[in-house]
Amino acid sequence: MESGSERLLRRREDPVRTSFLELLFDLSFVLALSQLSDVLLADLSVIGALRTLLLLAPIFWVWLSVTSSTDWYDPGTGAVRLLLGGAALGSLLMGVAVVEALDDRALMFAGAYVAVHLGRGLIVGIALRRHPLRRRILRVLTWYGVTGVLWLAGAVVPAVRVPLWLVALAVDLVGPMLGWPTARLGRTRPDELRLSGQHLAERFQQIFIISLGELILSAGLSYAQAGPSPSRTATFLLAFAGAVLIGLLYMTPAGVALAPAIDRSTPARLAVTVGYLHIVMIAGVVATAVGTELAIARPTAPAKTGALVVTVAGPTLFLVGRMLLSAAIHRRFSWPQLAALLAMPAVAVVTVELPLLVLAAATTSVLFLTAALDHTSFFAPRPSRPA
């Protein structure tokens with residue numbers, strides 16, 4: 001008979017399906033992504049973009065950390081259900097706080113982030129008592145306990161908030177790559193970090209679809225609020241086409257090869273790298289959503305610096321992350337995506353002072369050509385050797 005600890009662990013031979021609670025957990029990020037668009041829209045400067053990225057990274061890291069837990073542990077157990085419910089609430093609170101996370105709601109944002117990570121460790125640590133894998137949880141819990149002090153200190157002391165949060169975020173992001181080395185507990189062994197490629201690839205696709213949903217929602221709401229006109233209708237259709245093209249570029253050909261690549265790779269290493277790249281790609285989608293809002297609201301207005309930069313930077317960021325994803329999976333770059341990256345600055349130069357509708361048409365055309373070339377047999381990456 002299995003002990004309670006053994007029942008918590010997901011067997012490798014068990015079918016890997018995304019549970020209802022995992023999907024519910026994903027929905028808690030809809031608010032956060034929408035609020036992040038507002039943060040960037042309020043400040044289109046470089047500083048504003050960096051602030052948005054500083055807030056996006058911990059939000060996404062909560063998602064990735066919890067998703068890894070549902071890969072290691074059975075979502076059907078009571079402990080993991082409690083973990084998912086608590087994480088969904090914490091993510092929702094981060095979304096509520098994100099617009100003022102660097103000001104009056106810093107403690108709510110940082111507190112929810114720390115609570116999710118420490119709560120996850122405590123729940124699983126208690127459920128795995130007397131099990132050898134409990135040492136892995138204790139290592140992770142120790143690291144998040146240390147960085148939690150930095151997150152909360154930054155929330156309480158505004159003068160050092162950004163530096164402390166940057167240090168804490170860097171430590172959180174690098175922990176899995178190092179195996180969370182901890183005094184008296186050592187470093188996590190590679191076999192303790194094995195992840196299911198099928199499950200994780202599916203979960204990455206689901207969170208990326210949610211980010212695309214934010215892009216489509218922003219376009220629809222902007223179109224509804226501004227009122228239909230020929231130029232706004234054209235811009236709205238371009239925004240929808242852009243969302244579809246981004247989705248196609250994300251999925252194939254590397255998207256369908258992600259699961260076996262994770263299974264072949266050094267345990268967790270490729271999965272963590274893919275997580276980093278998803279931060280970049282989702283940041284690109286958020287910026288694209290902001291550019292879409294600006295273009296639909298005033299399609300005939302000239303492309304000034306802020307609107308021009310964010311409209312071009314969105315697809316560019318996505319393409320950077322997507323090209324590096326192809327490189328991580330196939331060990332080679334996608335030449336159409338590389339050409340698109342070189343074309344985007346040219347688009348910005350050519351469309352300066354032209355209507356935002358023209359800028360939107362130009363960026364969408366680049367995405368269309370990239371997707372068309374990326375799907376041809378000549379440019380499609382050949383199967384890579386096992387990593």
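Reading guide: rules and limits
- Residues numbered from 1 in each chain as written.
- Predicted model: local features only at pLDDT ≥ 70, side-chain atom pairs only at ≥ 80, totals over all residues.
- Heavy atoms only, no water.
- Helix = DSSP H or I, 4+ residues; strand = E, 2+ residues; numbered from the N terminus.
- Buried < 20%, exposed > 50% of the residue type's maximum accessible area, 1.4 Å probe, protein only.
- Contact = heavy atoms within 4.5 Å.
- Areas by Shrake-Rupley, 256 points an atom, 1.4 Å probe, with all protein chains shown as cover.
- Expected span 1.5 Å × (residues − 1).
- Core = buried A, V, L, I, M, F, W, Y, C linked by side-chain atoms within 4.5 Å.
- Salt bridge = Lys/Arg side-chain N within 4 Å of Asp/Glu carboxyl O.
- pLDDT = per-residue confidence, 0-100.
- Patch = residues over 30% accessible without salt bridge, like charges linked within 9 Å, V, L, I, M, F, W, Y side chains within 5 Å.
- Axes fitted to C-alpha atoms, helices over the stretch in contact; angles between N-to-C directions.
- Parallel < 35°, antiparallel > 145°, perpendicular 65-115°, else oblique.
- Left-handed = near helix turned anticlockwise from the far one by under 90°.
- Nonpolar A, V, L, I, M, F, W, Y, C, P; charged D, E, K, R; others polar.
- Phe/Tyr/Trp six-rings, centres within 6.5 Å; stacked < 30°, edge-to-face > 60°.

Quick look at the overall build of the protein chain now. A count of helices and strands for the protein chain gives 14 helices and zero strands. Element order for the protein chain, N to C, with α for helix and β for strand: α-α-α-α-α-α-α-α-α-α-α-α-α-α. Buried positions account for 53% of the 387 residues belonging to the protein chain. In the protein chain, 80% of the contacts between residues at least 6 apart in sequence involve partners at least 24 apart. Accessible area of the protein chain: about 16,700 Å², with a carbon and sulfur share of 70%.

Here we take up helix 6 (residues 134–156). A rise of 1.5 Å per residue sets the reference length of helix 6, with its 23 residues, at 33 Å; its end C-alpha atoms lie 32 Å apart and thus fit the reference within 8%. Within the sequence span of helix 6, burial applies to Arg-136, Ile-137, Arg-139, Val-140, Leu-141, Trp-143, Tyr-144, Thr-147, Gly-148, Trp-151, Gly-154 and Ala-155. In this structure, the buried residues of helix 6 make contact with helix 3 (46–72), helix 5 (106–127) and helix 7 (161–178).

With 27 residues, helix 3 extends 39 Å from end C-alpha to end C-alpha; this agrees with the ideal 39 Å at 1.5 Å per step. Taken across its 27 residues, helix 3 has 21 buried, putting it largely inside the fold.

In this section: the nonpolar core. If you look at the biggest cluster of nonpolar residues, it comprises 102 residues, and the most contacted ones within it are Leu-55, Tyr-73, Phe-109, Trp-165, Phe-204 and Phe-208. No other element matches helix 11 (residues 269–297), which puts 13 residues into this core.

All right, on to the pattern of salt bridges then. Side-chain pairs of opposite charge can arise whenever the charged atoms involved come near each other. Per the stated rule, a full pass over the model turns up four salt bridges. For Arg-203, the salt bridge is made with Asp-26, and the minimal N-O distance between the two is 2.6 Å. You can see Arg-203 sitting in helix 8 (residues 197–226) and its partner Asp-26 sitting in helix 2 (residues 20–42), a full 177 residues away along the chain. Side by side, Arg-203 and Asp-26 carry an identical accessibility label, which is buried. A salt bridge links Arg-51 to Asp-43, with the shortest nitrogen-to-oxygen separation between them at 3.9 Å. Of the residues examined, Asp-43 reaches a relative accessible area of 24% and is grouped as partly exposed.

The next point concerns the environment of Val-244. Within the secondary structure, Val-244 sits in helix 9 (residues 230–251). Looking at Val-244, the relative accessible area reads 39%, which means it is partly exposed. With 32 residues separating them in the primary sequence, Val-244 and Leu-212 have C-alpha atoms 8.6 Å apart.

Overall, the prediction assigns the protein chain a mean pLDDT of 86, with 90% of residues at 70 or greater. Counting contacts from residues 383–387, a segment whose pLDDT is below 50, to residues more than four positions away or on other chains yields ten contacts.

Now for the environment of Glu-293. In this structure Glu-293 comes out as buried when scored by relative accessible area, which is 18%. Sequence-wise, Glu-293 and Thr-311 are 18 residues apart; in three dimensions their C-alpha atoms are separated by 9.7 Å. With residues up to four places along the chain from it excluded, the contact list for Glu-293 reads Ser-37, Leu-41, Ser-218 and Ser-222.

As a further point, take a nonpolar patch on the surface. Together, Leu-31, Leu-89, Leu-92, Leu-93, Val-96 and Met-108 make up a nonpolar patch on the protein surface, roughly 440 Å² of accessible area in all. Among the elements that make up the nonpolar patch, the one with the highest residue count is helix 4 (residues 78–97) (four residues). The topology assignment puts Leu-89 in helix 4.

All right, on to the packing of helix 9 against helix 14 (residues 356–374) then. Contact geometry of helix 9 with helix 14 gives a least axis separation of 9 Å together with a crossing angle of 25°. Relative to helix 14, the element helix 9 is oriented roughly parallel. Where helix 9 crosses over helix 14, the two elements pack in a sense that is left-handed. Judged by residue contacts, Ser-231, Ala-234, Thr-235, Leu-238, Ala-241, Gly-242, Leu-245, Ile-246 and Leu-249 of helix 9 engage Leu-357, Ala-360, Ala-361, Thr-364, Leu-367, Phe-368, Thr-370, Ala-371 and Asp-374 from helix 14. Broken down by class, the residue content of the contact of helix 9 with helix 14 amounts to twelve nonpolar, five polar and one charged.

Our focus in this paragraph is the packing of aromatic side chains. The full count for this structure, using the stated rule, is ten aromatic pairs. Among the aromatic residues, those joined into a cluster by ring pairs are Phe-109, Tyr-113, Trp-151 and Trp-165.

The phi angle at Trp-180 is positive, at roughly 45°, despite the residue not being glycine. In this structure, Glu-353 is a non-glycine residue whose phi angle is positive, near 70°. As for its placement among the helices and strands, Glu-353 is situated in the loop between helix 13 (335–350) and helix 14. Using a relative accessible area of 46% as the deciding quantity, one classes Glu-353 as partly exposed.

What follows is about the packing of helix 8 against helix 9. Between helix 8 and helix 9, the shortest axis-to-axis distance is 10 Å and the interhelical angle comes to 175°. Put simply, helix 8 runs roughly antiparallel to helix 9. Residues Phe-204, Gln-205, Phe-208, Leu-212, Leu-215, Ile-216, Ala-219, Gly-220, Tyr-223 and Ala-226 of helix 8 touch helix 9, and the partners they reach there are Arg-232, Thr-233, Phe-236, Ala-239, Ala-243, Ile-246, Gly-247, Tyr-250 and Met-251. Residues belonging to the contact of helix 8 with helix 9 are distributed by class as follows: 14 nonpolar, four polar and one charged.

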